[in-house]
Amino acid sequence: MKWKHILTNHNETSERHPDEQLKSRYYKTTQSAALQVVKEMFEQMDGCHIVAVSAERGEISVSLTKGRKVFIVATIVSVRPFETAIDFSVTTETKWLPIDFGFSRQLIIRLYDQLEKRLPYIGSGIYGEK
């Protein structure tokens, strides 16, 4: 599994991801509050440009232009009252080969670390189970 994360230019989180660090994360908040926090987090990132925000769908599309060029889609979904899942899909633009040597995976981990400083973390995986 480790090679798969290195030999690709795309990583995303999901409920049943085999990599613990790439499982969906749950926070004790509403969808609208989480959407606002994620938006503010991206606005504070250096070289970040918010491409689109869809509150109805719970999605934010972002382009990073400083350093490596990266496209991020954050999906925010309320699963229960005051329980919201946040997932990321990250694609790194590469020149010759579709390989980013784990950069997209590490970016997802850093994004989750930043969110855990801003929102009350419940858990990861299926419905926030630890």
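As shown above, the structure is provided for reference.
What comes next concerns the included structure. (Residues numbered from 1 in each chain as written. Predicted model: local features only at pLDDT ≥ 70, side-chain atom pairs only at ≥ 80, totals over all residues. Heavy atoms only, no water.)

## Some words on the packing of helix α2 (residues 31-44) against helix α3 (residues 103-118)
The angle between the axes and the distance between the axes are what describe a pair of packed helices. Following both chains from N to C, one finds α2 and α3 inclined at 120°, their axes separated by 11 Å at the closest point. By the criterion of interaxial angle, the relationship of α2 to α3 is oblique. At the point where α2 passes α3, the crossing takes the right-handed sense. In this structure, α2 contributes Val37, Val38, Glu40, Met41, Phe42 and Gln44 to the contact, and α3 contributes Leu111, Gln114, Leu115 and Arg118. Considered class by class, the residues forming the contact of α2 with α3 number six nonpolar, two polar and two charged. (Axes fitted to C-alpha atoms, helices over the stretch in contact; angles between N-to-C directions. Helix = DSSP H or I, 4+ residues; strand = E, 2+ residues; numbered from the N terminus. Parallel < 35°, antiparallel > 145°, perpendicular 65-115°, else oblique. Left-handed = near helix turned anticlockwise from the far one by under 90°. Contact = heavy atoms within 4.5 Å. Nonpolar A, V, L, I, M, F, W, Y, C, P; charged D, E, K, R; others polar.)

## Re the pairing of strand β6 (residues 83-92)
With respect to burial, β6 is a largely interior element, nine of its 10 residues being buried. Judged from the three bridges that link them, strand β1 (residues 10-12) and β6 form a sheet pairing that is antiparallel. Note that in β6 the partner of glutamate 12 across the bridge is serine 89. For strand β2 (residues 25-27) and β6, the ladder comprises three bridges, and the chain directions are antiparallel. Directly across from tyrosine 26, in β6, lies its bridge partner alanine 85. In terms of strand pairing, strand β5 (residues 70-80) meets β6 through 10 bridges, oriented antiparallel. Directly across from valine 77, in β6, lies its bridge partner alanine 85. Counting the residues in the hairpin turn of β5 and β6 gives two residues, including phenylalanine 82, whose phi is positive at 60°. (Buried < 20%, exposed > 50% of the residue type's maximum accessible area, 1.4 Å probe, protein only. Pairing = 2+ DSSP bridges.)

## Notes on α3
It helps to recall that an α-helix has 3.6 residues per turn; residues three or four apart then point in one direction. The end-to-end C-alpha distance of α3, which contains 16 residues, comes to 23 Å, matching closely the 22 Å that a straight helix rising 1.5 Å per residue would cover. What α3 keeps buried is the set Ser104, Arg105, Leu107, Ile108, Ile109, Leu111, Tyr112 and Leu115. (Expected span 1.5 Å × (residues − 1).)

## Points about the pattern of salt bridges
For the structure shown, the criterion picks out six salt bridges. A salt bridge links arginine 105 to aspartate 19, with the nearest nitrogen and oxygen atoms 2.7 Å apart. Of this pair, arginine 105 sits in helix α3 while aspartate 19 is found in the loop between β1 and β2, placing the two residues 86 residues apart along the sequence. When sorted by exposure, arginine 105 lands in the same class as aspartate 19, which is buried. Close ionic contact of glutamate 116 with arginine 25 constitutes a salt bridge, the shortest N to O distance being 2.6 Å. A residue pair is termed long-range when its members are at least 10 positions apart, and glutamate 116 in helix α3 and arginine 25 in strand β2 qualify at 91 residues. (Salt bridge = Lys/Arg side-chain N within 4 Å of Asp/Glu carboxyl O.)

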